[in-house]
Amino acid sequence: GESVGLHLPTLSVQEGDNSIINCAYSNSASDYFIWYKQESGKGPQFIIDIRSNMDKRQGQRVTVLLNKTVKHLSLQIAATQPGDSAVYFCAETVVGSSASKIIFGSGTRLSIRP
Amino acid sequence: DSGVTQTPKHLITATGQRVTLRCSPRSGDLSVYWYQQSLDQGLQFLIQYYNGEERAKGNILERFSAQQFPDLHSELNLSSLELGDSALYFCASSVRGTGELFFGEGSRLTVL
């Protein structure tokens, strides 16, 4: 069935270093990918998205890379800060329909070492 | 604040009971999604509604049902509850059916 998986369930990073969170997706028809951040006790929050016609998209301190050939995307966080501690989810869907299953991966917990 | 309101925030009930979770989407959003998140698990897609109609279904149990009302709020009904139904239930909304979802704070259900 449909699935979006993550390579690493947990990631520990030194404060100030860059973080890279990876995600594999399985649905070749997916053309829109999103990263969400979920802090403890809260609902997920949108971070950044990317369409399948792009390889890379940059935001503020975050970059998403998409490799359609191997169905892989990653989230890079520059100069990781304590406030970046959270669980990060990738999600996939198909754009252009009012009916869309937005499927989330299992999540990666990012912890920051001082 | 995402603009999505979920009630109740916490709910404790017994096995075999039935509960209703309520969600008010952001103003102007037509689409509502329901997700289940068990302890340290990912978000399992349950069901999506768009402007009152069911549009997409995930791994939603037959004991669970949902609807979206004309004012666009949505309810998720969970019946014949089992211990394994204990989880956080999130509602999210979007303008159409796009991927940028706005999540509520969730309803934490504990079944004893």
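Residues numbered from 1 in each chain as written. Chains lettered and ligands numbered in written order. Predicted model: local features only at pLDDT ≥ 70, side-chain atom pairs only at ≥ 80, totals over all residues. Heavy atoms only, no water.

### Description of the overall build of chain A
Next up, step 1: Broken down by element type, chain A carries 0 helices and 11 strands.
Next up, step 2: Shown N-terminal to C-terminal, the secondary structure of chain A runs as helices and strands in the order β-β-β-β-β-β-β-β-β-β-β.
Next up, step 3: Of all 114 residues assigned to chain A, the portion counted as buried reaches 42%.
Next up, step 4: In chain A, the proportion of contacts linking residues at least 24 apart, taken out of those at least 6 apart, comes to 54%.
Next up, step 5: When the accessible area of chain A is evaluated, it comes to approximately 5,500 Å², of which 47% is carbon and sulfur surface. (Helix = DSSP H or I, 4+ residues; strand = E, 2+ residues; numbered from the N terminus. Buried < 20%, exposed > 50% of the residue type's maximum accessible area, 1.4 Å probe, protein only. Contact = heavy atoms within 4.5 Å. Areas by Shrake-Rupley, 256 points an atom, 1.4 Å probe, with all protein chains shown as cover.)

### Overview of the interface of chain A and chain B
Next up, step 1: Contacts between chain A and chain B engage 22 residues on the former and 22 residues on the latter.
Next up, step 2: Carbon and sulfur atoms supply 54% of the area that chain A and chain B bury against each other, a total of about 1,700 Å² over both sides.
Next up, step 3: For the pair chain A and chain B, the number of links is 0 salt bridges.
Next up, step 4: Connecting chain A to chain B are 4 residue pairs in polar contact (both at pLDDT 80 or more).
Next up, step 5: Among the secondary structure elements, those contributing two or more residues to the side of chain A that touches chain B are β4 (32-38), β9 (86-93) and β10 (103-104) of chain A.
Next up, step 6: Tallying contributions element by element places β4 of chain A first for the side of chain A that touches chain B, with 4 residues.
Next up, step 7: Here the residues of the side of chain A that touches chain B are counted per class, giving 10 nonpolar, 9 polar and 3 charged. (Buried area = accessible area lost by both parts, 1.4 Å probe. Salt bridge = Lys/Arg side-chain N within 4 Å of Asp/Glu carboxyl O. Polar contact = N/O pair within 3.5 Å; in protein donor to acceptor, adjacent residues only side chain to side chain. Nonpolar A, V, L, I, M, F, W, Y, C, P; charged D, E, K, R; others polar.)

### Notes on the pattern of salt bridges
All names here are of chain B.
Next up, step 1: Per the counting criterion, the structure on display carries 7 salt bridges over all chains.
Next up, step 2: Across the pair R55 and E53 runs a salt bridge, and its minimum N-O distance is 3.7 Å.
Next up, step 3: Its relative accessible area of 47% is what places E53 among the partly exposed residues.
Next up, step 4: Across the pair D85 and R63 runs a salt bridge, and its minimum N-O distance is 2.8 Å. On the criterion of sequence distance, the pair formed by D85 in the loop between β8 (74-78) and β9 (87-94) and R63 in the loop between β6 (53-57) and β7 (64-68) is long-range, its members being 22 residues apart.
Next up, step 5: On the basis of relative accessibility, which here comes to 19%, the residue R63 falls in the buried class.

### Description of the side chain of S74 of chain A
Next up, step 1: As for its placement among the helices and strands, S74 of chain A is situated in strand β8 (residues 72-77).
Next up, step 2: Setting aside chain neighbours within four positions, we find S74 of chain A in contact with I20, I21, N22, W35, T63, V64 and L65 of chain A.

### Some thoughts on the pairing of strand β7 (residues 62-67) of chain A
All names here are of chain A.
Next up, step 1: Looking at chain direction, strand β6 (residues 56-58) and β7 are connected through 3 bridges and run antiparallel. Bridging across to β7, Q58 finds its partner in T63.
Next up, step 2: The antiparallel pairing of β6 with β7 creates a hairpin that spans 3 residues between the two strands, and R61 there sits at a positive phi of about 65°.
Next up, step 3: Relative to β8, β7 is paired through 6 bridges, and the arrangement is antiparallel. Note on β8: the bridge partner recorded for T63 is Q76.
Next up, step 4: If you look at the hairpin formed by β7 and β8, you'll find 4 residues sitting between the two strands, and K71 has a positive phi there, around 50°. (Pairing = 2+ DSSP bridges.)

### Observations regarding the side chain of H73 of chain B
All names here are of chain B.
Next up, step 1: Structurally, the position occupied by H73 is in the loop between β7 and β8.
Next up, step 2: H73 sits in the buried class, given a relative accessible area of 10%.
Next up, step 3: One polar contact links H73 to D71, side chain to side chain, over a distance of 2.7 Å.
Next up, step 4: In this structure H73 touches R22, C23, S24, P25, Q67 and Q68, once residues within four positions along its chain are discounted.

### A short note on the pairing of strand β2 (residues 10-14) of chain A
Residues and elements named next belong to chain A.
Next up, step 1: Here β2 shows one buried face, formed by L11 and V13, and one open face, formed by T10, S12 and Q14.
Next up, step 2: Here β2 pairs with strand β11 (residues 108-113) via 5 bridges, running parallel. Paired with V13 across the bridge in β11 is I112.

### A look at the sheet that holds strand β1 (residues 5-7) of chain B
Residues and elements named next belong to chain B.
Next up, step 1: Taking strand neighbours across the sheet as the criterion, the 4 strands line up as β1-β3-β8-β7 in an open arrangement whose pairing is antiparallel. Strand pairing shows two members of the sheet lacking a second neighbour, β1 and β7, which therefore form its edges. Across this sheet, the average inter-strand angle for adjacent strands is 15°, counted without regard to direction.
Next up, step 2: Judged from the 3 bridges that link them, β1 and strand β3 (residues 19-24) form a sheet pairing that is antiparallel. Bridging from a neighbouring strand, Q6 pairs with C23 of β3. (Axes fitted to C-alpha atoms, helices over the stretch in contact; angles between N-to-C directions.)

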